[in-house]
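Chain by chain, the residues run as shown.
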Amino acid sequence: MDYVFDRFEKMAPQLIKALERRNHAAYYAASKEEARDIALSLIPKGSSVGWGGSMSMMASGIIPELEKGDYTLLDRAKTDDVGHLQREIFFADFFLGSTNALSEDGILVNIDGNGNRIGAMAFGPKNVILFVGRNKVVKTADDAYRRAKYTAAPINAGRFDIKTPCQVTGECADCISPDNICCEVLTIRFSRVKGRIKIILVNEDLGF
């Protein structure tokens, strides 16, 4: 028996209740492929879709499937003006991503460098779909902040050619480097628009 899988499967109903209590829509997927299919079922044909640099979302394989379909895709990998496209995404029908951390009582915590990702989560796109691996779930909101800052941020810094202490040492140094990727913190504790944020809980470790 896969005891890690079994534990998260048991946790998922309570996580879904906690998220729904905060006005989110929530779903459970046993795998990233199932999560991809759930997400595709939520996006009507003809929708405009944008996304951030989420490794969890990319791991689901949803982008190649969207490229086959009747969608308007706002893909920053296919433009020379990334800043302009990031602003266009605020008017998209759907924004795809993940979260740095999710508390067991349904609070989402994210840390960003440019702010485009957390800005889109907070306001702009009509719908937000987040792929959340079981490794992102922690006990409390304080734990979620610590995970976002001290675990996810240094790992993400390593993905980029930037000059921050954590990129060199792997540990947060509370830097004020020009390349700092911990510029803004977003805590989402409730959604005024019921169901705008759709969270797919995935029973796999995804992203950082």
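> Explain the pairing of strand S6 (residues 108-112) to me, and be specific about the residues and the numbers.
Counting buried residues in S6 gives five out of five residues, a clear majority hidden from the surface. Residues Leu108, Asn110 and Asp112 of S6 are buried on one face, and the alternating residues Val109 and Ile111, pointing to the opposite face, are buried as well. Sheet analysis places strand S5 (residues 101-103) next to S6, joined by two bridges and oriented antiparallel. Counted as the bridge partner of Ala101 is Val109 from S6. Connecting S5 to the antiparallel partner S6 that follows it, the hairpin turn spans four residues, and Gly106 within it adopts a positive phi of roughly 95°. Bridge count between S6 and strand S9 (residues 184-188): five bridges; the pairing is antiparallel. Looking at the pairing, Asn110 lines up with Leu186 of S9.

> For the sheet that holds strand S7 (residues 127-133), give the residues involved together with the corresponding values.
Pairing is parallel in the open sheet, where six strands are placed in the order S1-S10-S7-S4-S2-S3. Among the strands making up the open sheet, the edge pair consists of strand S1 (25-29) and strand S3 (72-74). Averaged over all pairs of adjacent strands, the angle between their axes in this sheet comes to 20°, without regard to strand direction. As judged from the five bridges shared by S1 and strand S10 (residues 197-202), these two strands associate in the parallel manner. Along S10, the bridge assignment pairs Tyr28 with Leu201. Against the sheet, helix H1 (residues 3-21) touches S1 and S10, its axis set at about 170° to S1. With respect to the sheet, helix H2 (residues 32-42) is in contact with S1, strand S4 (94-97), S7 and S10, its orientation differing from that of S1 by roughly 145°.

> Just give me the short version of the nonpolar core, but keep the residues and values in it.
Leu102, Leu108, Leu130, Ile197, Ile199 and Leu201 are the most contacted members of the largest nonpolar core, which has 25 residues in total. If you list the elements that add at least two residues to this core, you get H1, helix H6 (116-122), S7, S9 and S10. Tallying contributions element by element places H1 first for this core, with five residues. Not counting residues within four places of it along the chain, the set of residues in contact with Leu102 comprises Leu19, Ile107, Leu108, Val132, Lys136, Val137, Val138 and Leu201.

> Any chance you could break down the side chain of Gln86 for me, citing the residues and the numbers?
Tracing the backbone shows Gln86 in helix H5 (residues 82-88). The class of Gln86 is buried, set by a relative accessible area of 16%. In this structure, Gln86 is in contact with Arg76 and Asn116, ignoring residues within four places of it in sequence.

> How would you explain the pattern of salt bridges if you had to name every residue and give the values?
Scanning the entire structure with this criterion turns up 13 salt bridges. Note that Arg117 and Asp112 form a salt bridge whose closest N and O atoms lie 3.9 Å from each other. We classify Asp112 as buried; its relative accessible area is 9%. In this structure, the salt-bridge partner of Lys149 is Asp174, at a minimum N-O distance of 4.0 Å. You can see Lys149 sitting in helix H7 (residues 141-159) and its partner Asp174 sitting in the loop between helix H8 (165-169) and S9, a full 25 residues away along the chain. What emerges from the salt-bridge pattern is a single network uniting Lys32, Glu33 and Glu204.

Calculation notes
- Chains are numbered independently. Their residues run from 1 in the order of the written sequence.
- Since the coordinates come from a predicted model, pLDDT governs what is reported: local features require at least 70, and pairs of side-chain atoms require 80 or more to be given and counted, while whole-chain, interface and lining totals use all residues.
- Each side-chain value is worked out from all heavy atoms of the structure, with water and hydrogens disregarded.
- Accessibility here uses a 1.4 Å probe with only protein chains present; expressed as a share of the type maximum, an area under 20% marks a residue as buried, one over 50% as exposed, and anything in between as partly exposed.
- A run of DSSP states H or I qualifies as a helix once it reaches four residues; a run of E qualifies as a strand once it reaches two. Both are numbered from the N-terminal end.
- Any two strands with at least two DSSP bridges between them are considered paired.
- Note on geometry: axes are C-alpha line fits, over the in-contact stretch for helices, and angles between N-to-C directions span 0 to 180 degrees.
- Any two residues whose heavy atoms approach within 4.5 Å are treated as being in contact.
- What is meant by a nonpolar core is a set of buried Ala, Val, Leu, Ile, Met, Phe, Trp, Tyr and Cys residues, joined one to another through side-chain atoms within 4.5 Å.
- Here, a salt bridge means any side-chain nitrogen of Lys or Arg that lies within 4 Å of a carboxyl oxygen of Asp or Glu.

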